[in-house]
Number of protein chains: 2
Amino acid sequence: MELALLYSGGKDSSLAGLLLEEFYDVRLVTATFEITDDWQHAEQAADALGFPFETRVLEQSVAESAVDQMAEDGFPRNGIQQIHDHALEQVAGLDIDAIADGTRRDDRVPNVSRASAQSIEDRFEVDYIAPLSGFGRHAVDRLVEASFEVEAGPSEQIQKADYESELRTLLAERHGSEAVTAVFPEHEQTYVHGRR
Amino acid sequence: MELALLYSGGKDSSLAGLLLEEFYDVRLVTATFEITDDWQHAEQAADALGFPFETRVLEQSVAESAVDQMAEDGFPRNGIQQIHDHALEQVAGLDIDAIADGTRRDDRVPNVSRASAQSIEDRFEVDYIAPLSGFGRHAVDRLVEASFEVEAGPSEQIQKADYESELRTLLAERHGSEAVTAVFPEHEQTYVHGRR
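Residues numbered from 1 in each chain as written. Chains lettered and ligands numbered in written order. Predicted model: local features only at pLDDT ≥ 70, side-chain atom pairs only at ≥ 80, totals over all residues. Heavy atoms only, no water.

Considering the interface of chain A and chain B
Then step 1. In this complex, chain A contributes 30 residues to the contact, which on the side of chain B involves 30 residues.
Then step 2. When the two sides are added together, the surface that chain A and chain B hide from each other amounts to roughly 2,500 Å², 53% of it contributed by carbon and sulfur.
Then step 3. Area buried by chain A at its contact with chain B is led by Phe 23, Arg 105 and Arg 114 of chain A, which between them contribute 27% of it.
Then step 4. Counting the contacts that link chain A with chain B gives four salt bridges.
Then step 5. The partner of Glu 121 of chain A in a salt bridge is Arg 105 of chain B, with the nearest N and O atoms 2.8 Å apart.
Then step 6. Broken down by secondary-structure element, the contributors of at least two residues to the side of chain A that touches chain B are α1 (11–20), α5 (114–124), β5 (127–129) and α6 (137–147) of chain A.
Then step 7. Among the elements that take part in the side of chain A that touches chain B, α6 of chain A stands out by supplying five residues, more than any other.
Then step 8. When its residues are assigned to classes, the side of chain A that touches chain B shows 15 nonpolar, six polar and nine charged. (Contact = heavy atoms within 4.5 Å. Buried area = accessible area lost by both parts, 1.4 Å probe. Salt bridge = Lys/Arg side-chain N within 4 Å of Asp/Glu carboxyl O. Helix = DSSP H or I, 4+ residues; strand = E, 2+ residues; numbered from the N terminus. Nonpolar A, V, L, I, M, F, W, Y, C, P; charged D, E, K, R; others polar.)

This is the structure we're talking about:
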């Protein structure tokens, strides 16, 4: 069975890949607006883990709508959720049996409700799987430590390919660099270098 | 890392075992009130899958309270939930790193909310994992078909070791056989015979 996993190069989506690989032919798919080439960091991580990799280009208008929302809100949550929902639908349109992401039980955003999951499954005739949604933060951290070589650090220094780096760039263009500081508080990101 | 998985011999808890075995030393634990010896069916399934097996005896008063609740409600949901919560706490008291169960995304009962999961983790200093909670019914069915030899049939004919068979017996004793028919509508159960 063919499964496409939304992939950032970070620990959560990498662990999701390991959980699924016994049961599916997993390919890692990184969504990009082609604003930066940060998706290449995800490709490097995918290579290090030994998974097939591809990108999926999202519409620029979705990114613009999301960063405008973020600038208005002063926090990224709603904009990130918009983009995640859009990215899932784009991946669901591939010729595959199942799609997945790295959302965890304790994540506030992105969050895919049971109703949203069912809606995607019905509209696209794919299974939607969130393999980490039954794992809390502590359990994920222990499995990551046992499974990967990880680099961690402040979010603007870690080479990672989630939507954040592209959105920071677009947010600065449209709303100034002070909007970036206001919307994205300092937080730690991770990048996976390979399996242990 | 040592993990105890609440186990019934059915497809869901069996699949949960397969999902976790790459990451944990999994032992299967079947909770019993010692009302019947139906736990032996779970032991046979565990042997067929190659997992260590043990039982955990629950307090009779919990079963009595649950079946009285069921008889009053006319449906099993609240009583089943009471017993599942009690069984999880009993298993969490073992000397282990993590506990798990086979609850799925689409299950109405038993259901362990995020708050309940966090509460168990805090009180018992274990990780609580629901590895199937990110999988819908269709995805579970496909993985089960690919992974196991399964027997399916009406719930009173399948040799299984979930709480239901013991509770049927106790419910009949305390409230008569007509209460069993009223509380437990006909539904299909599964029993796992081994790996494919």
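Concerning the sheet that holds strand β1 (residues 2–6) of chain B
Residues and elements named next belong to chain B.
Then step 1. If you walk across this open sheet you meet the five strands as β3-β2-β1-β4-β5, and the pairing is parallel. The open sheet has two free edges, formed respectively by β3 (53–57) and β5 (127–129), since each of these has just one partner strand. Across the sheet, the mean angle from the axis of one strand to that of its neighbour is 30 degrees, orientation sign disregarded.
Then step 2. The pairing of strand β4 (residues 98–100) with β5 spans three bridges and is parallel. Within β5, the residue paired with Ile 99 across the bridge is Tyr 128. (Pairing = 2+ DSSP bridges. Axes fitted to C-alpha atoms, helices over the stretch in contact; angles between N-to-C directions.)

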